[in-house]
Amino acid sequence: MKKTSTRLADGRELIYYDARDDAVRDAIDRRPLDPISTTSEIRRDPLLGDAVAIASHRQGRTYHPPADECPLCPSEGERLSEVPDSSYDVVVFENRFPSLAGDAGRCEVVCFTSDHDSSFADLTEAQAGLVLDAWTDRTAELSHLPSVEQVFCFENRGAEIGVTLGHPHGQIYAYPFVTPRTSLMLRSLAAHKAATGGRNLFDDVVAEESAGERVVLETAHWVAFVPYSAHWPYEVHLYPKRRVPDLLGLDEAARTEFPQVYLELLRRFDRIFGEGGAEGEALTPYIAAWHQAPFGTIEGAEGYTAVNRDDFALHLELFTIRRTSGKLKFLAGSESGMSVFINDVPPEAAAQRLREVASS
């Protein structure tokens, strides 16, 4: 992999990740852009104790542009985009409309391919491996920023999810705090450690799920399953069999095998409702989220034995908001108002369906 860092016309960083070591990236951003001005602010909720990012500048972000004006496609002639070069393998750049900025963190865009009409599931194993390399490199770099405590790599796909740019891409959020979801995991991790004389909760969950009927696929270095208490209609958790706290901890064997495993999962998601679902229906919308240990100090929940980074288990959670062909799972009163999920699809049935649509 060759990494080339440059700057866009407004001063934002852009990084090319190339499979070939002899790739030359010297194109200049010719757009007349003003310096970026953001209003990102973190506010704490005194009742819930969580954080909310206030980012009013995002109201003006690009919204469903036509394909020939896509800002994530390579630049061509006088059609200038966020990527100055005429082609790329994988590219990462600072978001022009970030939710987090400055002391409030950092947001980056990850373009998986220059092919506008593709998706992650269409990538080759080599291309998917390069994306993994980019995620890992950005996790390492962002973890060194003074304000950053947690790095979150994720992909939203589908208009139903709220995606406003159709080009295959994901994002990376570098938070200046530990997210509420991770805090809950750490609390459960600490409680389990105290209650069981030091056992690791992630290890116990993975061991139990690996022996059960909700396993979707398993290889030498990875296991994927629908969790016992899945929140979403079709939800898969993917774990490396050797527990590591973050992407940097993956060994070469797990890294080599990951593209095959992940691409298979994504392709199954595209087949669970039939090829593309109901007539005229787009491919399965999903969110793919990497959960990594925070890089700051980890404290155990009050009254429990403290946990450390190595107790946390890197894993990816993949889920869709579609519950059946032509129908979406909406977060209504119980989910949005009280954070109590109601799942219409039994996890065992979801796992069975995901096994049925395996590649032949």
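About the criteria used
Residues numbered from 1 in each chain as written. Predicted model: local features only at pLDDT ≥ 70, side-chain atom pairs only at ≥ 80, totals over all residues. Heavy atoms only, no water. Axes fitted to C-alpha atoms, helices over the stretch in contact; angles between N-to-C directions. Helix = DSSP H or I, 4+ residues; strand = E, 2+ residues; numbered from the N terminus. Left-handed = near helix turned anticlockwise from the far one by under 90°. Contact = heavy atoms within 4.5 Å. Nonpolar A, V, L, I, M, F, W, Y, C, P; charged D, E, K, R; others polar. pLDDT = per-residue confidence, 0-100. Salt bridge = Lys/Arg side-chain N within 4 Å of Asp/Glu carboxyl O. Buried < 20%, exposed > 50% of the residue type's maximum accessible area, 1.4 Å probe, protein only. Core = buried A, V, L, I, M, F, W, Y, C linked by side-chain atoms within 4.5 Å. Expected span 1.5 Å × (residues − 1). Bend = angle between axes of the 7 residues up to and from the residue. Disulfide = S-S within 2.5 Å. Parallel < 35°, antiparallel > 145°, perpendicular 65-115°, else oblique. Pairing = 2+ DSSP bridges.

Novice: Could you give an account of the packing of helix α1 (residues 125-142) against helix α4 (residues 252-269), with specific residues and numbers?
Specialist: Close contact between α1 and α4 brings their axes to 9 Å; oriented N to C, the two are set at 115°. As α1 packs across α4, the resulting crossing turns out to be right-handed. Here Glu125, Ala128, Gly129, Leu132, Asp133, Trp135 and Thr136 of α1 come into contact with α4, specifically with Arg255, Phe258, Pro259, Gln260, Tyr262 and Leu263. Tallied by class, the residues present in the contact of α1 with α4 amount to seven nonpolar, three polar and three charged.

Novice: Lay out the confidence of the model for the protein with the relevant residues and their values.
Specialist: Mean pLDDT for the protein: 92, with 94% of residues reaching 70 or above. Every residue in residues 276-280 is under pLDDT 50, and counting partners more than four places away or in other chains gives seven contacts.

Novice: Which residues make up the pattern of salt bridges, and what are the values?
Specialist: Under the criterion given, the structure shown has 33 salt bridges. Of the charged contacts, one joins Glu41 and Arg43 as a salt bridge, the two residues approaching to 3.1 Å between their closest N and O atoms. Two residues, Arg214 and Glu209, come together in a salt bridge whose shortest N-O distance is 3.1 Å. Residue classification places Arg214 among the buried residues on the basis of a relative accessible area of 11%. Relative accessible area serves as the criterion here: at 6%, Glu209 is assigned to the buried category. Put simply, Lys3, Arg7, Glu13, Glu94, Arg106, Glu108, Asp137, Arg138 and Glu141 are held in one network by salt bridges that share partners.

Novice: Lay out the nonpolar core in plain terms, naming residues and giving numbers.
Specialist: The biggest cluster of nonpolar side chains holds 54 residues, and the ones touching the most others in it are Phe120, Trp135 and Trp290. Counting residues per element, this core draws most heavily on α4, which supplies eight residues. Trp135 has contacts with Phe112, Phe120, Cys153, Ile172, Leu247, Phe258, Tyr262 and Trp290, leaving out every residue within four places of it along the chain. If you look at the next biggest cluster of nonpolar residues, it comprises 14 residues, including Met185, Phe202, Val223 and Val307.

Novice: Lay out α4 in plain terms, naming residues and giving numbers.
Specialist: Taking 1.5 Å of rise per residue, 18 residues should cover 26 Å, and α4 covers 26 Å from first to last C-alpha, within 8% of that figure. The axis of α4 is deflected most strongly, by about 35°, at Phe258, and proline Pro259 appears within four residues downstream. Counting buried residues in α4 gives 13 out of 18 residues, a clear majority hidden from the surface.

Novice: Help me get a handle on the environment of Gly274, residues and values and all.
Specialist: If you trace the backbone, Gly274 turns up in the loop between α4 and β12 (286-291). Here the alpha-carbon distance between Gly274 and Phe93, two residues 181 residues apart in the chain, equals 35 Å.

Novice: Can you explain unusual backbone geometry? Please cite residues and give values.
Specialist: Among all residues except glycine, the phi angle is most often negative; among peptide bonds, the trans geometry is most common. Although it is not a glycine, Ser339 sits at a positive phi angle of roughly 60°. Here Ser339 lies in the loop between α5 (333-338) and α6 (347-356).

Novice: Break down the environment of Glu149 for me, with residues and values.
Specialist: Structurally, Glu149 can be placed in the loop between α1 and β7 (150-157). Taking the C-alpha atoms as reference, Glu149 lies 9.1 Å from Thr179; in sequence the two are 30 residues apart.

Novice: Report on the state of the cysteines, specifying residues and quantitative values.
Specialist: For the coordinates displayed, the defined rule picks out zero disulfides. Free of any disulfide, Cys70 has its nearest cysteine sulfur in Cys73, 3.8 Å distant. Cys153 carries a free sulfur, and the closest cysteine sulfur to it, the one in Cys107, is 12 Å from it. The buried category is assigned to Cys153, whose relative accessible area is 0%.

Novice: Before we move on, can you summarise the packing of helix α2 (residues 180-195) against helix α3 (residues 201-210) with the specific residues and values?
Specialist: Two elements in contact, α2 and α3, have axes whose closest approach is 8 Å; the angle formed by their N-to-C orientations is 90°. Relative to α3, α2 is oriented roughly perpendicular. Here Met185, Ser188, Leu189 and His192 of α2 come into contact with α3, specifically with Leu201, Phe202 and Asp204. Here the contact of α2 with α3 is built from residues that sort into four nonpolar, two polar and one charged.

Novice: Talk me through the pairing of strand β2 (residues 13-18); I want residue IDs and the actual numbers.
Specialist: Along β2, six of the six residues are buried, which leaves the element largely enclosed by surrounding structure. Pairing analysis gives six bridges linking strand β1 (residues 2-7) to β2, with the strands arranged antiparallel. If you follow Ser5 over to β2, its bridge partner there is Ile15. In this antiparallel pair of consecutive strands, β1 and β2, the connection spans five residues, and Gly11 shows a positive phi of 100°. Note: β2 against strand β5 (residues 90-94), four bridges, orientation antiparallel. Looking at the pairing, Ile15 lines up with Val92 of β5.

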